[in-house]
Amino acid sequence: MKVLVHIEQYDVVGILPSQLESLVLLCTAAGVEELGYIDGTPDGFAKVGGATKFSSMEDFFEKTEGPYIAMDPGKGANIRDLKSSDGWFIFGPSMGLNDVLPEGIDRAHIPGGVLNSRDAVPIVVWELAWER
């Protein structure tokens, strides 16, 4: 399993730079193969060890190989029906991913409603790290 997140500034309901180190620890504990991030902050922040920085979604797709699964509330497969080996799990910024995904990317959701990435990442990693 590999995970891509978007890091954003303090005034949105997304993943903040200060949370990236915690995500590295979570992913390491859960056996995630790689954690990547896209820095969406206005001023940038210091690199965090254990995570790969990509400059944009285009850069990410250029430098990685799928399969890819974009987390999308209410669309696609239930995460409980997936396996951690299904590839890169892509979590978007607070305003979503719809405008930046190429055609044909699979989608998955967490049952129960809409969550921001800050809450969705640990749930998905937890659910998939210890497959039933």
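Preceding this section is the structure that the text describes.
Position numbers for residues start from 1 in each chain and track the written sequence from start to end. Thresholds applied to this predicted model are a pLDDT of at least 70 for local features of residues and 80 or more for the giving and counting of side-chain atom pairs; totals over whole chains, interfaces and linings are not thresholded and use all residues. With hydrogens and water excluded, all non-hydrogen atoms of the structure serve as input to the side-chain values.

**A closer look at the environment of Val32**
Turning to step 1, where the next piece is worked out: Counting from the N terminus, the helices are the DSSP runs of H or I reaching at least four residues and the strands are the DSSP runs of E reaching at least two. Looking at the secondary structure, you find Val32 in the loop between helix 1 (17-30) and strand 2 (34-39).
Turning to step 2, where the next piece is worked out: A relative accessible area of 13% places Val32 in the buried class.
Turning to step 3, where the next piece is worked out: Along the chain, Val32 and Leu115 lie 83 residues apart, while their C-alpha atoms are 21 Å from each other.
Turning to step 4, where the next piece is worked out: If we ignore the near neighbours within four places in the chain, the residues touching Val32 are Met1, Lys2, Val3, Cys27 and Val125. Buried residues are those whose accessible area, probed at 1.4 Å on protein chains only, stays under 20% of the maximum for their type, while exposed residues exceed 50% and partly exposed ones sit between those limits. Contacts: residue pairs with any heavy atoms within 4.5 Å of one another.

**A closer look at the pattern of salt bridges**
Turning to step 1, where the next piece is worked out: What counts as a salt bridge is simple: a side-chain nitrogen of Lys or Arg found within 4 Å of a carboxyl oxygen of Asp or Glu. For the structure shown, the criterion picks out three salt bridges.
Turning to step 2, where the next piece is worked out: Where Lys63 meets Asp59, a salt bridge forms, and the shortest distance between an N and an O atom there is 3.0 Å. Linking Lys63 with Asp59, this pair stays in helix 2 (residues 57-63), spanning four residues, or about one helical turn.
Turning to step 3, where the next piece is worked out: The shortest N-O distance in the salt bridge between Asp72 and Arg107 comes to 2.5 Å. Here the residue Asp72 occupies a position in the loop between strand 4 (68-71) and strand 5 (77-78), and Arg107 occupies one in strand 7 (residues 106-109), the gap between them amounting to 35 residues.

**Side note on the packing of aromatic side chains**
The relation between two aromatic rings is expressed through the spacing of the ring centres and the mutual angle of the planes.
Turning to step 1, where the next piece is worked out: Only centres within 6.5 Å qualify two rings of Phe, Tyr or Trp (six-membered ring in Trp) as a pair; their planes then separate them into stacked at under 30 degrees, edge-to-face at over 60, and tilted for everything else. Taken as a whole and assessed by the stated rule, the structure comprises seven aromatic pairs.
Turning to step 2, where the next piece is worked out: Relative to Trp88, the ring of Phe54 lies with its centre 6.4 Å away and its plane at 80°, an arrangement referred to as edge-to-face. You can see Phe54 sitting in strand 3 (residues 52-54) and its partner Trp88 sitting in strand 6 (residues 88-90), a full 34 residues away along the chain. Like Trp88, Phe54 is buried.
Turning to step 3, where the next piece is worked out: Joined through ring pairs, the aromatic side chains of Phe54, Phe60, Phe61, Tyr68 and Trp88 make up one cluster.

**Looking at the sheet that holds strand 5**
Turning to step 1, where the next piece is worked out: Whether two strands pair depends on DSSP finding at least two bridges between them. Spatially, the seven strands line up as an open sheet ordered 3-2-1-6-4-7-5, and their pairing is parallel. What marks the edges here is a single partner per strand, and that holds for strand 3 and strand 5.
Turning to step 2, where the next piece is worked out: Two elements, strand 2 and strand 3, share three bridges in a ladder whose sense is parallel. Looking at strand 3, one finds that Gly36 is bridged to Thr52.
Turning to step 3, where the next piece is worked out: Axis lines are fitted through C-alpha atoms, for helices just across the contact stretch, and the angle between N-to-C directions can take any value from 0 to 180 degrees. Here helix 1 sits on the sheet in contact with strand 1 (2-7) and strand 2, set at roughly 165° to strand 2.

**Quick notes on helix 1**
Turning to step 1, where the next piece is worked out: For helix 1, with 14 residues, the first-to-last C-alpha span of 21 Å sits near the 20 Å given by 1.5 Å per residue.
Turning to step 2, where the next piece is worked out: Turning to helix 1, its buried residues number three or more, namely Leu20, Leu23, Val24, Cys27 and Ala30. In a view along the axis of helix 1, the buried residues occupy a sector of 140°, so they form one face of it. Residues Ser18, Glu21, Leu25, Thr28 and Ala29 are exposed on helix 1 and point more than 90 degrees away from its buried face.
Turning to step 3, where the next piece is worked out: Those residues of helix 1 that are buried are in contact with strand 1, strand 2 and helix 3 (117-129).
Turning to step 4, where the next piece is worked out: Looking one or two residues past helix 1, Gly31 carries a phi angle of roughly 80°, positive in sign. Multiplying 1.5 Å by the residue count of a helix minus one yields the expected span of that helix. Working note: the arc is built from the helix axis to C-beta atom directions.

Take it as geometry only, folks, not as evidence of what the structure does.
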